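Report on the structure
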Amino acid sequence: MWPASQTVAFRRGFSSSAAASLNKRRWDAVVVGGGHNGLTAAAYLARSGLSVAVLEKRHLVGGAAVTEEIVPGFRFSRCSYLQSLLRPSVIRELELGRHGLKLLRRNPSSFTPCLDGRYLLLGPDGDLNHSEIAKFSKKDAMTYPRYEKQLQKFCKFMDFLLDSPSPEIRHDVPSLLGRLKDKLHKSAFWSRCLHQVVNLGQKDMLDFMDLLLSPASKVLNNWFETEVVKATLATDAVIGSMASVHTPGSGYVLLHHVMGNTDGERGVWSYVEGGMGSVSLAISNAAREAGAHIVTDAEVAQIIINENSGAVTGVALVDGTEVHSSVVLSNATPYRTFVELVPPNALPEDFVCVIKNSDYSSGTTKINLAVDKLPQFQCCKPNLQVAGPQHIGTIHIGSESMEEIDLAYKDALTGVPSRRPIIEMTIPSVLDTTISPPGQHVINLFIQYTPYKLSEGSWKDPNIRELFAKRCFSLIDEYTPGFCSSIVGYDMLTPPDLEKEFGLTGGNIFHGAMGLDSLFLLRPVKGWSDYRTPLKGLYLCGSGAHPGGGVMGAPGRNAASVVIQDIKS
C-alpha cells in the first residue's frame, strides 16, 4: 500500500519554552485552544488592551485549520481545506492581508464528471454556468441565476445575525441600570431584525422559512429538473453532517453555496496560499502583534473553579502548571469544555445533561494524498502537462444524483462505511505552487459517509482502514483511470481520528450538529447562546457557539466582544 510518513508541522514563531512564563503572572484572559476562533478571540481581546494567553495542546496552532507536511515535500491542509466563510469583518479589522493571508480565487469552482462521458462545470461566471447547465437542461440553465439570486438575498439577511452575539436572556444582571441596558440592547437587535424582515418582504420571507425547514431535496426538486445539477448543489447541504438530502432542515446549509465571499465577491470560494494553516498563522500574527502570548504543547487538563464563589480562577495544564485568570474562553467543543474540562458537579445537572445529549455525530473522513501527476478525467480531453478548468474547483465524485447521496447515507446508518462514498476532491496545488514539488500535486478528499462506530470491526484495524481507502481510490479510478497508480503517499483521518487528534467530539467538524435545533438561540443549548456559561468567568468561543462551524471566525470575534463588555461593566 502507499506509505504515510511522519508529519512535519507548518509552524512559525511559537515555542513551548514560552510556557515557563505562564504562571508568573495573572492574565486578564486565558484562551483554551489555539484554533482559528480561539486565536481570533485572543486578537480582539489583546487589541482592547487585555493581557491574553492562548494555550494550544498540539505542536502548532490552528486547530482544524492547519497546514502539515505529511509526505516529504507535500504540505496539506489537513482538515479544513477551503476558504470562503471567514467573515469580512475579521479579515478587515485584523488586517489579515498585512499579516500574510493570500486568497487564491477559484474559477470555475465546481466540476462534476459523469460516467456517461458528460460533465458539469459551475462557478462565478454566469455565461459559463448557462452554457454548462444547458447541456443538460435549457430550463435549468434559465432557472439557475434566479436560484443564486434568491440565496444571495437570504445571505444578506443572515449577515447581521452572523456578526452579532445572540440576544440571550441574561442570568447575571443584578443592577437596575444593567437590566435597562440589556433590554435596550435586545430591543435594538430585534428592531434591526424586524427592519431586515420588512426589507425582505412577505413572499421572500416565506421562501426563506421554507428553505430553513425543508429537506434539501425538496428545495432543489422545486427549482431544477436535472439530477446532476441537483446532486452537485445538494452536496453543500450535507457536507460534514450525518444527514441525508431528505433530512428536514438540510435546505438551510444550501446557503453555504453563496454565504461566504472572496475579496468581496459573494459565493466565491478560494484556496489559501500555503494551505489553511496560513489563515491561522495570519490571525495568530495579528494576535501576537497586539500582545497576545501564544503557547503550543500546552494541553489544559482542567478549568479551575473557586469552590466558594463558583467562579473560574484559571486553568491547570497536564504538567501541573496553573495559569491564573478570572476569565477563561474555551475554544474546545461544548462536550470537551463542560464534561471533560470543568470539574464534576460544578455545573447544573440539567445543563450538563443537555450538553451530553447534543448531536456530535459525524459521517466524515478526510484523506490527504500526494500524487505524482494530475488526474485525467475520461469525460475531458487529456492534457498531461497543463491543469484544465476541471482541476481548479471542487470535483464531485459519485454525486451524479441525489439518490446516490441518499444511498451512501443509508449505508452509514447501519454502521457500514458507504459502499459508493460521496467524495469532494480538491487539488489546491493547481493554483498554489508553494505546497508541492514541481509537476506533482496534493489532493484533498472529503468523504462521506463513514460512521464513528462500525457495526463490525473498528477504525483502529489497519485492514479496515486500508480497505476503505482503496474503495475510495477505486471509485475515483472509474472517473480518472490510473489515479491509484499516481499515489505517492496518503494520510487518513476517520471520525475517531478527528476526535483524538484535533479534539473534535464524535469527529464532528462543526463542534456539534448544525440542525435547526442547534442554531442561534439554541447553540450550544437553550438559555446559554451568548458565549457566557453557568460558571462566572467561563465563556465559549469555538464553533460550538453561535453562529456555528466552518472557518468563519465569527464565534471568536463575537465572544471577545461579550467578554470586553462584561469586563468594562
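Rules of the game
Residues numbered from 1 in each chain as written. Predicted model: local features only at pLDDT ≥ 70, side-chain atom pairs only at ≥ 80, totals over all residues. Heavy atoms only, no water. Helix = DSSP H or I, 4+ residues; strand = E, 2+ residues; numbered from the N terminus. Rg over C-alpha atoms; globule rule 2.2 N^0.38 Å. Buried < 20%, exposed > 50% of the residue type's maximum accessible area, 1.4 Å probe, protein only. Contact = heavy atoms within 4.5 Å. Areas by Shrake-Rupley, 256 points an atom, 1.4 Å probe, with all protein chains shown as cover. Lys, Arg positive; Asp, Glu negative; His and termini not counted. Charge placed at Lys NZ, Arg CZ, Asp CG, Glu CD. Polar contact = N/O pair within 3.5 Å; in protein donor to acceptor, adjacent residues only side chain to side chain. Expected span 1.5 Å × (residues − 1). Arc of directions from axis to C-beta. Disulfide = S-S within 2.5 Å. pLDDT = per-residue confidence, 0-100. Pairing = 2+ DSSP bridges. Core = buried A, V, L, I, M, F, W, Y, C linked by side-chain atoms within 4.5 Å. Axes fitted to C-alpha atoms, helices over the stretch in contact; angles between N-to-C directions. Parallel < 35°, antiparallel > 145°, perpendicular 65-115°, else oblique. Nonpolar A, V, L, I, M, F, W, Y, C, P; charged D, E, K, R; others polar. Salt bridge = Lys/Arg side-chain N within 4 Å of Asp/Glu carboxyl O.

Broken down by element type, the protein chain carries 16 helices and 23 strands. Here the C-alpha radius of gyration of the protein chain, 23 Å, is about what a compact globule of 569 residues would show, namely 25 Å. Among the 569 residues that make up the protein chain, the fraction classed as buried is 60%. Taking as baseline every contact in the protein chain between residues at least 6 positions apart, the subset at least 24 positions apart corresponds to 74%. On the protein chain, roughly 22,700 Å² of surface is accessible, and the fraction owed to carbon and sulfur atoms is 53%. Computed over 55 positive and 56 negative side-chain charges, the inter-centroid distance for the protein chain is 5 Å.

It is worth spelling out the side chain of serine 362 at this point. Checked against the element boundaries, serine 362 lands in the loop between helix H12 (349–357) and strand S18 (364–371). A relative accessible area of 4% places serine 362 in the buried class. One polar contact links the side chain of serine 362 to the main-chain amide nitrogen of threonine 364, over a distance of 3.2 Å. Only 3.0 Å separates the side chain of serine 362 from the backbone oxygen of glycine 507, close enough to count as a polar contact.

Let us now look at helix H14 (residues 462–479). The terminal C-alpha atoms of H14, which comprises 18 residues, lie 27 Å apart, in line with the 26 Å expected from a rise of 1.5 Å per residue. Looking only at H14, the buried set comprises Arg465, Phe468, Ala469, Cys472, Phe473, Leu475, Ile476 and Tyr479. Projection of H14 onto a plane perpendicular to its axis shows the buried side chains occupying an angular sector of 155°, all on one side. For H14, exposure combined with an orientation more than 90 degrees from the buried face picks out Asn463 and Leu467.

With that settled, consider the state of the cysteines. Taken as a whole, this structure holds 0 disulfides when the rule is applied. The thiol of cysteine 472 is not disulfide-bonded; the next cysteine sulfur, from cysteine 484, is found 10 Å away. Judged by relative accessible area, which is 0%, cysteine 472 ranks as buried.

What follows concerns the confidence of the model for the protein chain. Summarising the model, the protein chain shows a mean pLDDT of 93, and 96% of its residues fall at 70 or more. Here residues 1–17 is modelled with pLDDT under 50, and outside its nearest four sequence neighbours on either side it reaches 53 contacts, counting other chains as well.

The next thing to look at is the pairing of strand S5 (residues 67–71). Across the 5 residues that make up S5, a large majority, 4, are buried. Judged from the 4 bridges that link them, S5 and strand S6 (residues 74–77) form a sheet pairing that is antiparallel. Along S6, the bridge assignment pairs threonine 67 with serine 77.

The subject of this paragraph is the nonpolar core. If you look at the biggest cluster of nonpolar residues, it comprises 70 residues, and the most contacted ones within it are Leu45, Leu55, Leu96, Val315 and Leu329. In terms of residue count, helix H1 (residues 36–47) provides more of this core than any other element does, 7 residues in total. With residues near it in sequence (within four places) discarded, valine 315 still touches Val30, Val32, Leu55, Val300, Gln302, Ile303, Ile304, Thr321, Glu322, Val323 and Val328. With 61 residues, the next largest nonpolar core counts Phe224, Ala237, Tyr409 and Ala412 among its residues.

Taken in spatial order, the 5 strands make up an open sheet running S13-S4-S3-S17-S23, and their pairing is parallel. Each end of this open sheet is capped by a strand with a single partner; those strands are strand S13 (293–295) and strand S23 (538–540). On average, adjacent strands in this sheet sit at an angle of 20° to one another, irrespective of strand direction. In the sheet, strand S17 (residues 328–330) pairs with S23 via 3 bridges, with the strands oriented parallel. Residue pairing in the sheet places leucine 329 in a bridge with tyrosine 539 of S23. This element, helix H11 (residues 334–341), spans strand S3 (29–32), S17 and S23 of the sheet and lies at about 150° to S23. Strands in contact with helix H16 (residues 554–568) are S17 and S23; relative to S23, the strand with the most contacts, it is inclined by about 155°.

Turning next to the pairing of S6. Of the two faces of S6, both are covered, the one formed by Phe74 and Phe76 as well as the one formed by Arg75 and Ser77. Hairpin remark: S5 followed by S6, antiparallel, with 2 residues in the connecting loop; positive phi at glycine 73, about 95°.

Turning our eyes to something else, we now look at helix H10 (residues 277–289). Note: α-helices contain 3.6 residues per turn, so residues at a spacing of three or four share the same orientation. Taking 1.5 Å per residue, 13 residues should reach 18 Å; H10 reaches 18 Å between its end C-alpha atoms and fits that length. Inspection of H10 places Gly277, Ser278, Val279, Ser280, Leu281, Ala282, Ile283, Ser284, Ala286 and Ala287 among the buried residues, and these make up the whole buried set. Structurally, H10 contributes buried residues whose contacts are with H1, S5, strand S12 (270–272) and S13. Backbone geometry just downstream of H10 places glycine 291 in the positive-phi region, at approximately 115°.

Attention now goes to the sheet that holds strand S14 (residues 300–305). Strand-to-strand pairing in sheets goes through backbone hydrogen bonds, with the strands running parallel or antiparallel. In space, the 4 strands of this open sheet follow the order S2-S16-S15-S14, with mixed pairing throughout. Looking at the sheet topology across the chains shown, the edges are occupied by strand S2 (26–27) and S14. Relative to strand S16 (residues 322–325), S2 is paired through 2 bridges, and the arrangement is parallel. By the bridge assignment, arginine 26 is partnered in S16 with histidine 324.

Another point: the environment of leucine 206. Looking at the element boundaries, leucine 206 is found in helix H6 (residues 202–213). Taking the C-alpha atoms as reference points, leucine 206 and arginine 557, 351 residues apart in sequence, are found 31 Å from one another.

What follows concerns the packing of helix H4 (residues 138–162) against helix H5 (residues 176–200). With their axes 10 Å apart at the nearest point, H4 and H5 run at an angle of 175° to one another. Considered as vectors, H4 and H5 are oriented roughly antiparallel to each other. Where H4 abuts H5, its residues Lys153, Phe154, Lys156, Phe157, Phe160 and Leu161 lie against Phe189, Arg192, Cys193, Gln196, Val197 and Leu200. Split by residue class, the contact of H4 with H5 holds 8 nonpolar, 1 polar and 3 charged.

Enumeration according to the criterion identifies 30 salt bridges in this entry. Glutamate 93 is paired through a salt bridge with arginine 557; the nearest N and O atoms lie 3.0 Å apart. Here the residue glutamate 93 occupies a position in helix H2 (residues 88–93), and arginine 557 occupies one in helix H16, the gap between them amounting to 464 residues. For arginine 557, a relative accessible area of 19% translates into the label buried. Among the ionic pairs, aspartate 210 bridges to lysine 218, the shortest N-O distance being 3.3 Å. The class of aspartate 210 is partly exposed, set by a relative accessible area of 32%. The class for lysine 218 is partly exposed, based on a relative accessible area of 39%. Within the structure, one salt-bridge network assembled from shared partners comprises Arg58, Glu68, Arg78, Asp491 and Glu501.

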